[in-house]
Amino acid sequence: MPSKALALFEHGGDLEKAAQVAGCLSEEILDFSNLLNPCGSPPGLVDALKTKVSLSLRHPSSGKALREKIADRDGLSPEQIFLGAGTTEFIRLLPWVKRPERPFILGPTYGDYEKSLWLFGVEPRWIMAREDEGWVFPQESWEKALQEEPDWLILSRPNNPLGQSFPREALLKTVLGNPDTFFVVDETCLEISVNPGDEFLPKPFPSNLAVLRSFSKAYAVPGLRLGYLVVSTEWASRLAEAQAPWTVSPLAMEAGLFLLEQEKWLEETRAKNAVEKKRVEQKLLRLRHFRPVPSVLPAFTVKGMAPGFSAGALLEKLLVREKILIRSLEKHRGLGRSFFRIGLRTPKENDRLLAALQGMDIP
Ligand SMILES: Cc1ncc(COP(=O)(O)O)c(C=O)c1O
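S.K.: Please clarify how the overall build of the protein chain should be interpreted in this entry.
M.R.: When helices and strands are counted, the protein chain shows 13 helices and 13 strands. At 20 Å, the protein chain has a C-alpha radius of gyration in line with the 21 Å of a compact globule built from 363 residues. Seen through its principal axes, the protein chain has C-alpha atoms that stretch 55 × 55 × 35 Å. Sorting the 363 residues of the protein chain into buried and exposed places 54% on the buried side. Intrachain contacts of the protein chain at a sequence separation of at least 6 include 70% that bridge at least 24 residues. When the accessible area of the protein chain is evaluated, it comes to approximately 16,600 Å², of which 53% is carbon and sulfur surface. In the protein chain, 47 side chains carry a positive charge and 46 a negative one; their mean positions are 5 Å apart.

In structure tokens, the structure reads:
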């Protein structure tokens, strides 16, 4: 059934709308629809920001200090780094700078790439991993697409929602072997994955590559709106002209400087998340009607196995009966009505979700 609630949830984390549907306060919703570090934000972040609040009243600076710190960590030059209001800013901006005519997207993947290309006025084509092939990388369709000489190819590694990653060496070979294709590699979810070192920042940095990185997921700060784009210095000046001024607030920049010092905390959270993920996975596997897809992220894309299962209907039931919000993938290209995503949370909260799933009457 086409769900009224489902139509309301294009992205995860919309607690205001969830509360409307559930008829409760947004604080009462247990939100599994996000893909964020289940351990939350590093201790000390809020206190550190409290001392900097007055900076928010000024115009943002160029972010030199933060760009230098990122450049230092990632072995890049600060001129290659553009700070933005999350990677979303660049997903929306890049088509206007590089003006694709024959773009391809590797899917199933994050929905905003397609929307961004549509808004620019171009219809993307798809290279799709398939369920009946075990969601493995679609080598044959990939090669076929490249033969069609796309001028733009966007992919996410690891991929959200399925949580698989394109092998780095194969990707580098493809990027270098196809200089007329502009590759946009979205690594927004890399640092919460089990392979944070698997980054794609080749040296020298190819001129036909853009890489997106974010603070939102790893540090669970999606409201700060902080991400960055890495490009080759060759076309950095064009990008600098195209980007709207002041999109990153001074407070977000201060947070970025603080967060880059939290490597040890981040490492510890990854270890904790891996243990909890294994525990939840084992419990999910015991549920008769649900099958998780293997993934490197602290989240599960789950398939409802019962005939007639609808992720949208499950979302609605969980929300209304249990005040639990999941992410339906019913309208997600390449997935459909059997699939939904749950982000990992604390053990107690995860157990509440597992109990609710167990108790759901599946049609
Ligand atoms: C693959 C992917 N790319 C980009 C984004 C946007 O992230 P940001 O908060 O950095 O704009 C998301 C958020 O869910 C995502 O999953």
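S.K.: Could you clarify how one ought to interpret the pattern of salt bridges in this entry?
M.R.: Close approach of charged atoms allows side chains of opposite charge to pair. Under the criterion given, the structure shown has 26 salt bridges. The shortest N-O distance in the salt bridge between D132 and R130 comes to 2.6 Å. Looking at D132, the relative accessible area reads 58%, which means it is exposed. When the shortest N-O distance is used, the salt bridge between E276 and R279 registers 2.8 Å. One end of the pair, E276, and the other, R279, are both in helix α11 (residues 263-286), three residues apart, so they sit about a helical turn from each other. Given a relative accessible area of 9%, E276 falls into the buried group. Residue R279 is classed as partly exposed on the basis of its relative accessible area, which comes to 25%. The network of salt bridges with shared partners includes R73, D74, R157, R168, E187, E191, D198, E199 and R213.

S.K.: What is the right way to read the pairing of strand β6 (residues 182-186) from this model?
M.R.: On any regular strand, side chains alternate: one points to one face of the sheet, the next to the other face. Taking burial as the measure, the five residues of β6 include five buried ones, the bulk of the element. Residues F182, V184 and D186 point to one face of β6 and F183 and V185 to the other, with burial holding for every one of them. Sheet analysis places strand β5 (residues 152-156) next to β6, joined by five bridges and oriented parallel. Opposite W152, over in β6, you have F182 as the bridge partner. As a crossover connection, the stretch from β5 through helix α8 (residues 168-177) into β6 is right-handed. Across four bridges, the pairing between β6 and strand β7 (residues 209-214) is parallel.

S.K.: Just checking my understanding: could you explain the packing of aromatic side chains for this structure?
M.R.: Under the defined criterion, the tally for this structure stands at 14 aromatic pairs. Ring centres 5.0 Å apart and planes at 90 degrees place the aromatic pair W96 and F120 in the edge-to-face group. With W96 in helix α5 (residues 86-98) and F120 in helix α6 (residues 112-120), this pair connects stretches of sequence that are 24 residues apart. Taken together, a centroid distance of 5.7 Å and an interplanar angle of 70 degrees make the contact between Y110 and Y113 edge-to-face. Take Y113: its relative accessible area is 1%, and that puts it in the buried class.

S.K.: Is there a simple way to explain unusual backbone geometry in this structure?
M.R.: Only a minority of non-glycine residues have a phi that is not negative, and only a minority of peptide bonds are not trans. The omega torsion of the bond from G107 to P108 falls at -5 degrees, within 30 degrees of zero and hence cis. Put simply, N160 and P161 share a cis peptide bond, and its omega is 15 degrees. Along the chain, P161 turns up in the loop between β5 and α8. For W246, which is not glycine, the phi torsion reads 60 degrees and is therefore positive. Mapped onto the elements of the fold, W246 is located in the loop between α9 (236-242) and α10 (250-259). Of the residues examined, W246 reaches a relative accessible area of 54% and is grouped as exposed. At K323, a residue that is not glycine, the phi angle is positive and equals roughly 60 degrees. Within the secondary structure layout, K323 lies in the loop between α12 (311-322) and β11 (324-325).

Cut-offs used in this document
Residues numbered from 1 in each chain as written. Predicted model: local features only at pLDDT ≥ 70, side-chain atom pairs only at ≥ 80, totals over all residues. Heavy atoms only, no water. Helix = DSSP H or I, 4+ residues; strand = E, 2+ residues; numbered from the N terminus. Rg over C-alpha atoms; globule rule 2.2 N^0.38 Å. Buried < 20%, exposed > 50% of the residue type's maximum accessible area, 1.4 Å probe, protein only. Contact = heavy atoms within 4.5 Å. Areas by Shrake-Rupley, 256 points an atom, 1.4 Å probe, with all protein chains shown as cover. Lys, Arg positive; Asp, Glu negative; His and termini not counted. Charge placed at Lys NZ, Arg CZ, Asp CG, Glu CD. Salt bridge = Lys/Arg side-chain N within 4 Å of Asp/Glu carboxyl O. Pairing = 2+ DSSP bridges. Right-handed = clockwise from strand over helix to strand, strands pointing away. Phe/Tyr/Trp six-rings, centres within 6.5 Å; stacked < 30°, edge-to-face > 60°.

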